[in-house]
Amino acid sequence: MTNSSPIANLRKFVSPEIIFGVGARKTVGNYARTFGAQRVLIVSDPGVLAAGWVADVEASLQELDIDYRLYTDVSPNPRSEEVMRGAALYQQEGCNVIVAVGGGSPMDCAKGIGIVSANRGHILSFEGVDQIHAPIPPLIFIPTTAGTSADVSQFAIISDQVSRSKISIISKAVVPDVSLIDPETTITMDPFLTACTGVDALVHAIEAYVSTASGPLTDMHALEAIKLVSANLAELVANPQDLALREAVMLGSMKAGLAFSNAILGAVHAMSHSLGGYLDLPHGLCNAILLEHVIDFNYAAAEEKFKVVADTLGIDTRGMAHNAIKQRLLQSVHGLKTEVGLTQRLKEAGVCSSDIPVLSKQALKDPCILTNPRKSNTRDVEVVYEEAL
Ligand SMILES: [Fe+2]
């Protein structure tokens, strides 16, 4: 309390109602009825539809005679025009509840549809913090990946194809009313997607823990998430059908989501959003590639916090100087990524050195850069991209 104003010390914590456990998805009909659903808009994508998870939602709604419409025109890195088309369908069909089933893309698209239906205007006009003034329709989310945590967070990330950038919408209004977190739905993820989303969850936890907006309300979730994901992810990628491991990583992802939704993120996400918007690259993969490079850049600005991260990853830091801890931490992160098969560099993902100036400019505009523990300028960000190339 010595060097900052009392306001800067205030912390908040928002969370949806959470139902966690195998079979949670089957309660969707009951929740829709509780919200007075006359007609539900189910938002999903073609992959999740093919995996059969939409059919489970339909069955649960049918059982209670709840009418619904289906919208699956959602791509990875969901686009503003997909949100607008979904919102038009929602209105035209007279829907009054939104159910999203899928990974981050359908969930973020569903948030966008909710925003536009209640507030009018174009989705891109709601960019930034607290720009949503009318409450949005009830949102019931069923995540089918263990990583993005869009089902607990107050973030919606939408791609603008015209400017080739991603916009961040941050508002309590986009925290779903209910999140039905059912680890069984993650069983259809292949090992690569399991690895990418799992590392995304680990990045959420680490960035939230070292964020300048972190605090006692979020730290416990962040550290528990680091433990759960780091202890179980490699084994899960090797045994993708193991439901107990699916459950442990899903719980880790949920806790990471609760942490980052409230403590916000950092440079990994700012830089990764820029890569996703400009080059349409997968979010989890971008985060995985950038993680140790950003830790290397940030370490000196949050030494004590990174020491706790290292301890939580199982490194015995007793008697070690910070430089040695940093090296062990970087090795540990790199080791985990190698174990789960994520050793790509940005070049292999299709990034050229000529892309870096634009990527860096966009990353500096992302709200996640504001809570990064080390203040960064364009040149700093360029150097980190270059190192990850
Ligand atoms: Fe993420």
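Residues numbered from 1 in each chain as written. Predicted model: local features only at pLDDT ≥ 70, side-chain atom pairs only at ≥ 80, totals over all residues. Heavy atoms only, no water.

**Student:** Explain the pattern of salt bridges to me, please; I cannot follow it from the model alone.
**Tutor:** Any two side chains of opposite charge can pair, given that their charged atoms come close. According to the stated counting rule, one finds 15 salt bridges in the structure shown. Salt-bridge contacts for Arg 79 lead to Asp 280; the nearest nitrogen and oxygen are separated by 3.5 Å. Of this pair, Arg 79 sits in the loop between strand 3 (67–71) and helix 4 (80–92) while Asp 280 sits in the loop between helix 9 (267–279) and helix 10 (283–298), and the two are 201 residues apart along the sequence. What makes Arg 79 partly exposed here is its relative accessible area of 23%. A residue is classified by how much of its surface remains accessible, and Asp 280, at 37% relative accessible area, is partly exposed. With a closest N to O distance of 3.8 Å, Lys 307 and Asp 311 form a salt bridge. Taken as a pair, Lys 307 and Asp 311 lie in helix 11 (residues 303–312) at a separation of four residues, close to a single helical turn. (Salt bridge = Lys/Arg side-chain N within 4 Å of Asp/Glu carboxyl O. Helix = DSSP H or I, 4+ residues; strand = E, 2+ residues; numbered from the N terminus. Buried < 20%, exposed > 50% of the residue type's maximum accessible area, 1.4 Å probe, protein only.)

**Student:** Just to check I follow, could you spell out the sheet that holds strand 3 for this structure?
**Tutor:** Strand pairing within a sheet occurs via backbone hydrogen bonds; the two strands may be parallel or antiparallel. The sheet built from six strands is open, its strands ordered 1-9-6-4-2-3 with parallel pairing. Two strands lie at the open edges of the sheet, namely strand 1 (17–20) and strand 3, each paired on one side alone. Between one strand axis and the next, the sheet turns by 20° as a mean value, whatever way the strands run. In this structure, strand 1 lies alongside strand 9 (residues 178–181), joined through four bridges in parallel fashion. Note on strand 9: the bridge partner recorded for Phe 20 is Ile 181. Across the sheet, helix 4 is in contact with strand 2 (39–43), strand 3 and strand 4 (97–102); its angle to strand 3 comes to roughly 160°. (Pairing = 2+ DSSP bridges. Axes fitted to C-alpha atoms, helices over the stretch in contact; angles between N-to-C directions. Contact = heavy atoms within 4.5 Å.)

**Student:** Would you explain the coordination of the iron ion in this entry?
**Tutor:** The reference angle at a metal is 109.5 degrees if four donors form a tetrahedron and 90 or 180 degrees if six donors form an octahedron. Asp 200 (OD), His 204 (NE2), His 269 (NE2) and His 283 (NE2) make up the full set of protein donors to the iron ion, lying at 2.1 to 2.2 Å. What the four donor atoms of the iron ion show is an angle range of 85 to 171° at the metal, which sorts the shape as irregular. Each donor residue of the iron ion belongs to the same chain, with the gaps between them written as D-x3-H-x64-H-x13-H. Taken together, the residues span a long stretch of sequence, with Asp 200 in helix 6 (residues 191–210) and His 283 in helix 10 at a distance of 83 residues. For the pair shown, Asp 200 and His 283 are each scored as buried. (Donors = N, O, S within 2.8 Å, 3.2 Å for Na, K, Ca; no water. Tetrahedral: all angles 85-135°; square planar, octahedral: opposite > 155°, others 65-115°.)

**Student:** Sorry, what's going on with the packing of aromatic side chains here?
**Tutor:** Within a pair of aromatic rings, the relevant descriptors are the distance that separates the centres and the angle that separates the planes. Across all of its chains, the model carries two aromatic pairs by this definition. Residues Phe 155 and Phe 260 carry aromatic rings whose centres are separated by 5.5 Å and whose planes lie at 65° to one another, so their mutual orientation is edge-to-face. Within this pair, whereas Phe 155 is found in strand 7 (residues 155–160), its partner Phe 260 is found in helix 8 (residues 243–263), the two being separated by 105 residues in sequence. With respect to burial, Phe 155 and Phe 260 carry one shared label: buried. Seen from their ring centres, Tyr 299 and Phe 306 are 5.3 Å apart, and the 20° between their planes marks the pair as stacked. In this pair, the class of Tyr 299 matches that of Phe 306, namely buried. Against the face of Tyr 278 rests Arg 164, its NZ or CZ located 4.1 Å from the ring centre. Just above the ring of Tyr 209 sits the side chain of Lys 305; from NZ or CZ to the centre is 4.4 Å. (Phe/Tyr/Trp six-rings, centres within 6.5 Å; stacked < 30°, edge-to-face > 60°. Lys NZ or Arg CZ within 6 Å of the ring centre and 35° of its normal.)

**Student:** Would you take a moment to explain the domain arrangement of the protein for this structure?
**Tutor:** When the parts of a complex come together, some accessible area is lost, and that lost area is often used as the size of the interface. According to the domain assignment, the protein consists of domain 1 (17–186) and domain 2 (189–388). Measuring from the centre of the C-alpha atoms in domain 1 to the corresponding centre in domain 2 gives 25 Å. In this complex, domain 1 contributes 31 residues to the contact, which on the side of domain 2 involves 33 residues. A buried area of about 2600 Å², summed over both sides, lies between domain 1 and domain 2, and 63% of it is on carbon and sulfur atoms. Broken down residue by residue, the surface that domain 1 buries against domain 2 is led by Ala 146, Arg 164 and Thr 186, which jointly contribute 22%. The tally of links from domain 1 across to domain 2 stands at one salt bridge. Taken together, domain 1 and domain 2 are joined by 10 residue pairs in polar contact (both at pLDDT 80 or more). Only strand 1, strand 7 and strand 8 (165–170) provide two or more residues apiece to the side of domain 1 that touches domain 2. With four residues, strand 8 is the largest single contributor of residues to the side of domain 1 that touches domain 2. (Domains from an automatic or database assignment. Buried area = accessible area lost by both parts, 1.4 Å probe. Polar contact = N/O pair within 3.5 Å; in protein donor to acceptor, adjacent residues only side chain to side chain.)

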